[in-house]
Amino acid sequence: MNTVKIFKTEDGSHTLFNEKKNEYYHSIHGAVQESKHVFINAGLEFKLSQKESINILEIGLGTGLNVILTLMHLNSANAITDDSILKSKIKYHAIEPFPLAHETAIELNYCEFLDVPHLKDIFSQIHCAPDGYEISLTETFDFARYLIPFQDYNNMETKYDLVYFDAFSPEVEPGLWTEAIFSKLASIMEPEGVLVTYCSKGIVRRTMQMCNFNTERLKGPPGKHEMLRAIAMP
Ligand SMILES: C[S@@+](CC[C@H](N)C(=O)[O-])C[C@H]1O[C@@H](n2cnc3c(N)ncnc32)[C@H](O)[C@@H]1O
């Protein structure tokens, strides 16, 4: 049984508390603040400055916050151009072995907090998307969720430009921060693909380096000293 409770973080946005793991899904200093800092600014903006259309893999879909923030970022980048040929496109695959109950997902306050009430329907679609099938959330954003542990994921058709590595911490989910996992990720990423994570532990950084990633420590979000960005070497 995977029991989760909604909790309001310091910036006013929701997160979840997983009672079994005794861990929050985001920083209690601000869920939206943390996700924007780690995944959108250090990951998405960085990669979109190098490549127009990209494939993203998220390890741990959880609340779906990173999907909605990514879609918002894409929409505002694309709003600048009228020409449909020039628009950036995103394919977003998310892994989640413990999907949220729909009743819980629709209680999360992200669309109100981010002032995008028109995305409520899309937010709901994220949480009832079929397992393993791509759906188009917008004309420039395709999404699929895979309801399995990443250890069992074997879609080798898509190569990823960007990985949001948002698993629970190494203390509670040690099996996801291993050489086997980072080697598997390296094998399904494009050369120069980017992986971002909130975790900056030395052991995690050294494990990534053993798997052919170049790592850099970046300033962390409020409440956290550092985060990691890793580039897959060709
Ligand atoms: C830190 S929380 C999720 C954060 C999420 N990105 C969000 O914004 O809500 C970690 C997520 O990883 C999921 N998870 C647990 N084991 C996993 C596994 N083996 N593979 C992929 N995801 C896993 C958990 O169920 C949880 O939803």
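Quick look at the structure, then.

Quick notes on the rules
Residues numbered from 1 in each chain as written. Predicted model: local features only at pLDDT ≥ 70, side-chain atom pairs only at ≥ 80, totals over all residues. Heavy atoms only, no water. 1 Å grid on protein atoms, 1.4 Å probe; cavity = no way out; pocket = protein on both sides within 12 Å on 5 of 7 lines; lining within 4 Å. Points joined across faces, edges and corners; volume = space filled by probe spheres on them. Nonpolar A, V, L, I, M, F, W, Y, C, P; charged D, E, K, R; others polar. Near = heavy atom within 4 Å. Polar contact = N/O pair within 3.5 Å; in protein donor to acceptor, adjacent residues only side chain to side chain. Areas by Shrake-Rupley, 256 points an atom, 1.4 Å probe, with all protein chains shown as cover. Sits in = over half its atoms within 2 Å of the grid points. Helix = DSSP H or I, 4+ residues; strand = E, 2+ residues; numbered from the N terminus. Contact = heavy atoms within 4.5 Å. Phe/Tyr/Trp six-rings, centres within 6.5 Å; stacked < 30°, edge-to-face > 60°. Buried < 20%, exposed > 50% of the residue type's maximum accessible area, 1.4 Å probe, protein only.

## Description of the layout of surface pockets
Moving on, step 1. For the largest pocket, the calculated volume is near 760 Å³.
Moving on, step 2. Lining the largest pocket we find 42 residues, and of these Glu23, Asp166, Ala167, Phe168 and Ser169 sit closest to its centre.
Moving on, step 3. Across the lining of the largest pocket, the residue classes tally to 17 nonpolar, 15 polar and 10 charged.

## Describing the site of the ligand
Moving on, step 1. Around the ligand sit 21 residues in total, of which His26, Gly60, Thr63, Glu96 and Asp166 are the nearest.
Moving on, step 2. A distance of 2.8 Å is found between an oxygen atom of the ligand and a side-chain nitrogen or oxygen belonging to His26.
Moving on, step 3. Gln151 is positioned such that a nitrogen or oxygen atom in its side chain is 3.0 Å from a nitrogen atom of the ligand.
Moving on, step 4. Burial of the ligand by the surrounding chains reaches 97%, relative to a free accessible area of 600 Å².
Moving on, step 5. Structurally, the ligand is housed in the largest pocket.

## Considering the side chain of Asp161
Moving on, step 1. Here Asp161 lies in strand E8 (residues 160-165).
Moving on, step 2. At 2.7 Å, the side chain of Asp161 forms a polar contact with the side chain of Lys51.
Moving on, step 3. Residues within four places of Asp161 in sequence aside, it is in contact with Lys47, Lys51, Ser53, Ile54, Asn55, Glu190, Gly193 and Val194.

## Details of the packing of aromatic side chains
Moving on, step 1. Per the counting criterion, the structure on display carries 13 aromatic pairs.
Moving on, step 2. Ring centres of Phe7 and Tyr24 lie 4.9 Å apart, and the angle between their planes is 50 degrees; on these two criteria the pair is classed as tilted. Placement of Phe7 in strand E1 (residues 4-8) and of Tyr24 in strand E3 (residues 23-24) is noted, with a sequence separation of 17 residues between them.
Moving on, step 3. Overall, the relative accessible area of 30% leaves Phe7 in the partly exposed class.

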